[in-house]
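# Reading the structure
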Amino acid sequence: YILIGLIGHHIDIKIGKWKSLMVGAICHVGMSAIMITGTKFPAIILAMFLGGVGAALNLGNFNTFLPSLGTKYPGIYHGCYGIGACAGPLFATLMTNNGIQWNYFYYVVLGLTLFNLAFLTLAFKDIDIDIENYTTESDKDEDTSNQDQKHHDFKAALKDFRTWIGCAFIFFYQGSEVSMGGWVVTFILNYRKGNPTSVGYVSSGFWAGVTIGRFLLTSPLIKYCGNKRSVIVLIGVIMAFDILTWLVPEKIAAGLFASLA
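Below is a summary of the structure that appears in this document. Remember, it's a predicted structure, so these values are computed and weren't measured experimentally. (Residues numbered from 1 in each chain as written. Predicted model: local features only at pLDDT ≥ 70, side-chain atom pairs only at ≥ 80, totals over all residues. Heavy atoms only, no water.)

### Let's talk about the overall build of the protein chain
Defined as follows: Put simply, DSSP H or I for four residues or longer makes a helix, DSSP E for two residues or longer makes a strand, and each gets a number counted from the N terminus. Remark: exposure states derive from per-residue accessible area (1.4 Å probe, protein chains only) relative to the maximum for the residue type, with buried under 20%, exposed over 50%, and partly exposed in between.
The helix and strand tally for the protein chain stands at 13 helices and zero strands. Tracing the protein chain from N to C terminus, the helices and strands come up as α-α-α-α-α-α-α-α-α-α-α-α-α. Taken along the three principal axes of its C-alpha coordinates, the protein chain extends 65 × 45 × 30 Å. Within the protein chain, buried positions represent 30% of all 261 residues.

### Notes on the side chain of Ser20
Note the threshold: Working rule for contacts: check all heavy atoms of both residues, and any pair within 4.5 Å makes them a contact.
You can see Ser20 is positioned in helix 1 (residues 2–36). Given the relative accessible area of 0%, Ser20 is considered buried. Ignoring any residue separated from it by four or fewer positions in sequence, one finds Ser20 in contact with Ile11, Asp12, Ile15, Leu57, Asn58 and Asn61.

### A short note on the state of the cysteines
Quick reminder of the rule: Here, two cysteine sulfur atoms that lie within 2.5 Å of each other are counted as a disulfide.
Applying the stated criterion across every chain yields a total of zero disulfides. The cysteine Cys86 is free of any disulfide, with Cys80 supplying the nearest cysteine sulfur at 13 Å.

### Looking at the nonpolar core
Using the following cut-off: As used in this record, nonpolar core signifies buried Ala, Val, Leu, Ile, Met, Phe, Trp, Tyr and Cys residues forming a set joined through side-chain atoms within 4.5 Å.
Counting residues in each nonpolar core, the largest one holds 14 residues, and the members touching the most others are Val184, Ile188, Val199, Val202, Phe206 and Trp207. Elements represented by at least two residues in this core include exactly helix 3 (72–97), helix 9 (161–191), helix 10 (200–216) and helix 13 (251–260). For this core, the element with the highest residue contribution is helix 9, accounting for five residues. In this structure, Phe206 is in contact with Glu177, Met180, Gly181, Ala258 and Ser259, ignoring residues within four places of it in sequence. By size, the runner-up hydrophobic cluster in this structure holds 11 residues, among which are Met31, Ala47, Phe105 and Leu110.

### Digging into a negative patch on the surface
Here is the rule we go by: A patch consists of residues whose relative accessible area exceeds 30% and which take part in no salt bridge; residues with like charges are grouped when within 9 Å of each other, and nonpolar side chains (Val, Leu, Ile, Met, Phe, Trp, Tyr) when within 5 Å. What sets the accessible areas is the Shrake-Rupley method with a 1.4 Å probe; for residues, cover comes only from the shown protein chains. Throughout this description, the term salt bridge denotes a Lys or Arg side-chain nitrogen within 4 Å of a carboxyl oxygen of Asp or Glu. Charge convention: Lys and Arg are scored as positive, Asp and Glu as negative, and His as well as the terminal groups of each chain are ignored. Just so you know, the charge point we use is NZ for Lys, CZ for Arg, CG for Asp and CD for Glu.
There is a patch of like negative charges on the surface, built from Asp126, Asp128, Asp130 and Glu132. Position of Asp130 among the secondary structure elements: in helix 5 (residues 127–134). Exposure remark for Asp130: the relative accessible area of 41% places this residue in the partly exposed category.

### Here we look at the packing of aromatic side chains
The condition is simple: For Phe, Tyr and Trp, where Trp contributes only its six-membered ring, two rings pair if their centres lie within 6.5 Å, and the inter-plane angle classes them as stacked under 30 degrees, edge-to-face over 60, or tilted in between.
Within this structure, the stated rule accounts for 14 aromatic pairs. Between the aromatic rings of Phe62 and Tyr77, the centroid separation amounts to 5.2 Å while the plane-to-plane angle is 55°, which identifies the pairing as tilted. Of the two residues, Phe62 sits in helix 2 (residues 41–65) while Tyr77 sits in helix 3, which places them 15 residues apart along the sequence. In this structure Phe62 comes out as buried when scored by relative accessible area, which is 10%. Taking 5.1 Å as the distance between ring centres and 85° as the angle between the ring planes, the aromatic pair formed by Phe206 and Trp207 counts as edge-to-face. Relative accessible area serves as the criterion here: at 4%, Phe206 is assigned to the buried category. Residue Trp207 is classed as buried on the basis of its relative accessible area, which comes to 8%.

### Here we look at the pattern of salt bridges
Summed over all chains, the structure comprises three salt bridges. With a closest N to O distance of 2.7 Å, Glu177 and Arg214 form a salt bridge. Note that Glu177 is positioned in helix 9 and Arg214 in helix 10, a separation of 37 residues in sequence. Assigned by exposure class, Glu177 and Arg214 land together as buried.

### Looking at unusual backbone geometry
A positive phi angle, near 55°, is found at Lys193, a position not held by glycine. If you trace the backbone, Lys193 turns up in the loop between helix 9 and helix 10.

### Here we look at the packing of helix 9 against helix 10
Using the following cut-off: Fitting a line to C-alpha atoms yields each axis, with helices limited to the stretch in contact; the angle taken between N-to-C directions then spans 0 to 180 degrees. Each angle receives one of four descriptions, namely roughly parallel if under 35 degrees, roughly antiparallel if over 145, roughly perpendicular if within 65 to 115, and oblique otherwise. The classification used treats Ala, Val, Leu, Ile, Met, Phe, Trp, Tyr, Cys and Pro as nonpolar, Asp, Glu, Lys and Arg as charged, and all other residues, Gly among them, as polar.
Two numbers describe how helix 9 lies on helix 10: the axes approach to 8 Å, and their chain directions differ by 150°. Taken together, the axes of helix 9 and helix 10 lie roughly antiparallel to each other. Judged by residue contacts, Tyr173, Glu177, Val178, Met180, Gly181, Val184, Val185 and Ile188 of helix 9 engage Val202, Ser203, Phe206, Trp207, Val210 and Arg214 from helix 10. A per-class count over the contact of helix 9 with helix 10 returns 10 nonpolar, two polar and two charged.

Okay, here's the thing in structure tokens:
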């Protein structure tokens, strides 16, 4: 993710969005193919690196493309991400509970990544042309006159303090979200004496909460509260449910509060 955050913009310029999406999807396929083998730990790290490259390329491209279509589309997109994150632990828990080796789960992931590669190839084949067609003639003239300046957008962004504040926010938000989704399982196992065969459902509950929030809350909050106020209110709500997850000495309540967070 960090690598693509630094060079993703240059990849787009060099090969275009469509090919960039293809590279991302192929990296996902590569990750799954390696993980299926149940290989040694260093190879698993390499597989996860490939998966991170693929996810960052695709996520970055969609996060810049979809908002131009309307505010509801990023919410739907990230809601679908939540569905996958919710379903993954359910499948994995069911498989391991039935004595299936952990690495066989990645056959499911491989199948999905192959479908993903095919769908992305078909759906976004002419994305670069389509995006160009959205640009008016006056915009094109302005783009031509500012072509040299556009090459320095990345440097200009790094000189703007708002970029760093935004990066810090994303760093803490994304870190806390993904950590919470995984940590809550360890927390309930170690500190609430949860059942190892069913605790995976708690992680699914967390991601189900993410999914519902993104589908049902994104558009209404932006419409009635605005972006900035919504973020501030939601941070307060998250903090409250995080504290309740930690303090209430009951595993079912901990899972519920994590999902609400």
